[in-house]
Amino acid sequence: MSSTELPSVPPANVLPKVAPVRVADGERLRSVGLPGITLTVRSRPPAREGLPPALYVHGLGGSSQNWSALMPLLDDVVQSEAVDLPGFGDSPPPDDGDYSVTAHARAVIRYLDAAGRGPVHLFGNSLGGAITTRVAAARPDLVRTLTLVSPALPEIRVQRTAVPTALLALPGVAGLFTRLTREWTVEQRVRGVLGLCYGDPARVTPEGFRHAVEEMERRLGLPYFWDAMARSARGIVNAYTLGGQHALWRQAERVLAPTLLVYGGRDQLVAFRMAQKAARAFRDSRLVTLPEAGHVAMMEYPRTVATAFRELLAEAGETAEATGAAVSGRAAPRAVRSGDQIESANSGS
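One structure accompanies this document, and this report is about it. (Residues numbered from 1 in each chain as written. Predicted model: local features only at pLDDT ≥ 70, side-chain atom pairs only at ≥ 80, totals over all residues. Heavy atoms only, no water.)

## Section: the pattern of salt bridges
Here's step 1: Within the structure shown, the criterion is met by 14 salt bridges.
Here's step 2: Taking the shortest distance from any N to any O, the salt bridge between Glu81 and Arg117 comes out at 3.0 Å. Of this pair, Glu81 sits in strand S4 (residues 79–84) while Arg117 sits in the loop between helix H1 (101–115) and strand S5 (120–125), and the two are 36 residues apart along the sequence. For the pair shown, Glu81 and Arg117 are each scored as buried.
Here's step 3: A salt bridge links Asp113 to Arg139; its shortest N-O distance comes to 3.0 Å. Here Asp113 is found in helix H1, whereas its partner Arg139 is found in the loop between helix H2 (127–138) and strand S6 (143–149), with 26 residues between them in sequence.
Here's step 4: According to the relative accessible area criterion, Asp113 is partly exposed, its value standing at 41%.
Here's step 5: Note on Arg139: relative accessible area 24%, which makes it partly exposed.
Here's step 6: Among the charged side chains, a salt-bridge network with shared partners connects Asp90, Glu215, Arg218 and Arg219. (Salt bridge = Lys/Arg side-chain N within 4 Å of Asp/Glu carboxyl O. Helix = DSSP H or I, 4+ residues; strand = E, 2+ residues; numbered from the N terminus. Buried < 20%, exposed > 50% of the residue type's maximum accessible area, 1.4 Å probe, protein only.)

Next up, the structure:
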């Protein structure tokens, strides 16, 4: 089944009402209409005017909320915006039902072109990492720096723990999973997701768990939730099979922007061994590895990721103030160029 087939979901005017999306203190949500898509954008006001823009792109099954822990730690160096990809968060499905990596990248490019915000400091996690890699390769004029947290780039030998997610790409699997898990409570579903994505799920506070349950409950009320998940998973698998100039690793080699790579030692979805390959592929890369982190280091260890990004800015000559405002009392991880690997003992959240 092609990822470009139209989704069988009700028109927007008959979708059931669901709970509103959570907005953290200091955040704002707005809806942006573009040709064929409508995007919800989450933003925070910068500490002062004139700061360069940043755009954050979430992964499969995520939303712009995945960046809410990191964005306030960078208020003094960038103007932060995080996008809900079509069919995720508070963004409705795309008109054409295309959830391919290329279609998601096109949505990001359309937004940046329409907003006139480029070049931006571009962030991507997991699927968002594949999307932003494609954006940076295709439109270098839109990207100042690239920060990738566990990017979903092709692996020949996929981890066993990642297989169930990959199986979502198969026609009928999402429906089968829905039937098999019909009796699961929302809390059970959230614990499963946290166990898969976090290096240590115990780091999630009771308040954070409650918010995750509320968001999961909201999403399960959307009739297109599983369709968006399955088609986006299929989009990742399809992107992994592309060759030539469209191959993701080939596009990684074409990225000109200074790139920060963040990998977690306990990542169950993107193999930790891919860190060195990524560091070799991106021509101007800095690699930070967090041995205790899982798949979403920007949620688990936001202060450490923020410190590494500040160092990227300083090394790239973006701003003399990049490292001036400390985000923790601990020593910053030293990100090094050209694929040299380090392990950061920092685990400040």
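## Here's the deal with the nonpolar core
Here's step 1: Counting 54 residues, the largest nonpolar core has Ile131 and Phe282 as its most contacted members.
Here's step 2: Of the residues forming this core, the biggest block, seven residues, is contributed by H1.
Here's step 3: When neighbours within four sequence positions are excluded, Phe282 is seen to be in contact with Thr133, Leu146, Leu148, Leu153, Ala252, Val255, Thr259 and Leu261.
Here's step 4: The next biggest cluster of nonpolar side chains, apart from the first, holds 35 residues, and it includes Leu70, Met71, Phe123 and Val186. (Core = buried A, V, L, I, M, F, W, Y, C linked by side-chain atoms within 4.5 Å. Contact = heavy atoms within 4.5 Å.)

## A look at the environment of Gln251
Here's step 1: With respect to the helices and strands, the residue Gln251 is situated in helix H8 (residues 248–254).
Here's step 2: Residues Gln251 and Phe282, 31 residues apart in the sequence, show an inter-C-alpha distance of 9.0 Å.
Here's step 3: Aside from chain neighbours lying at most four places away, what touches Gln251 is Thr133, Arg134, Ala137, Gln245 and His246.

## Thoughts on the pairing of S5
Here's step 1: Among the six residues in S5, six count as buried, and that is most of the element.
Here's step 2: A two-sided burial pattern is seen for S5, the buried positions comprising Val120, Leu122 and Gly124 on one face and His121, Phe123 and Asn125 on the other.
Here's step 3: Relative to S5, strand S3 (residues 53–57) runs parallel, the two sharing four bridges. Following the sheet pairing, Ala54 is matched in S5 by His121.
Here's step 4: Of the strand pairs in this sheet, S5 and S6 are connected by six bridges, and their pairing is parallel. Its bridge partner lying in S6, Gly124 is registered against Leu148. (Pairing = 2+ DSSP bridges.)

## What to know about the packing of helix H5 (residues 186–197) against helix H6 (residues 206–220)
Here's step 1: At a closest axis distance of 9 Å, the pairing of H5 and H6 adopts a crossing angle of 110 degrees. With respect to H6, the element H5 is oriented roughly perpendicular. Every pair of crossing elements has a handedness; the one defined by H5 and H6 is right-handed. For the pair H5 and H6, contact is made by Val186, Glu187, Arg189, Val190, Arg191, Val193 and Leu194 and by Phe209, Ala212, Val213, Met216, Glu217 and Leu220, respectively.
Here's step 2: By residue class, the composition of the contact of H5 with H6 is nine nonpolar, no polar and four charged. (Axes fitted to C-alpha atoms, helices over the stretch in contact; angles between N-to-C directions. Parallel < 35°, antiparallel > 145°, perpendicular 65-115°, else oblique. Left-handed = near helix turned anticlockwise from the far one by under 90°. Nonpolar A, V, L, I, M, F, W, Y, C, P; charged D, E, K, R; others polar.)

## Comments concerning H5
Here's step 1: For H5, built from 12 residues, the straight-helix expectation of 16 Å at 1.5 Å per residue is met to within 8% by its first-to-last C-alpha distance of 17 Å.
Here's step 2: All of the buried residues along H5 are Val186, Arg189, Val190, Leu194 and Cys197. What you see down the axis of H5 is that its buried residues fit within an arc of 130 degrees, all on one side. (Expected span 1.5 Å × (residues − 1). Arc of directions from axis to C-beta.)

## Section: the environment of Val135
Here's step 1: With respect to the helices, strands and loops of the structure, Val135 is situated in helix H2.
Here's step 2: Take Val135: its relative accessible area is 0%, and that puts it in the buried class.
Here's step 3: Val135 sits 26 residues away from Ile109 along the chain, and the two C-alpha atoms are 6.9 Å apart.
Here's step 4: Contact partners of Val135, with chain neighbours within four places excluded, come to Ala105, Val108, Ile109, Leu122, Pro140 and Val143.

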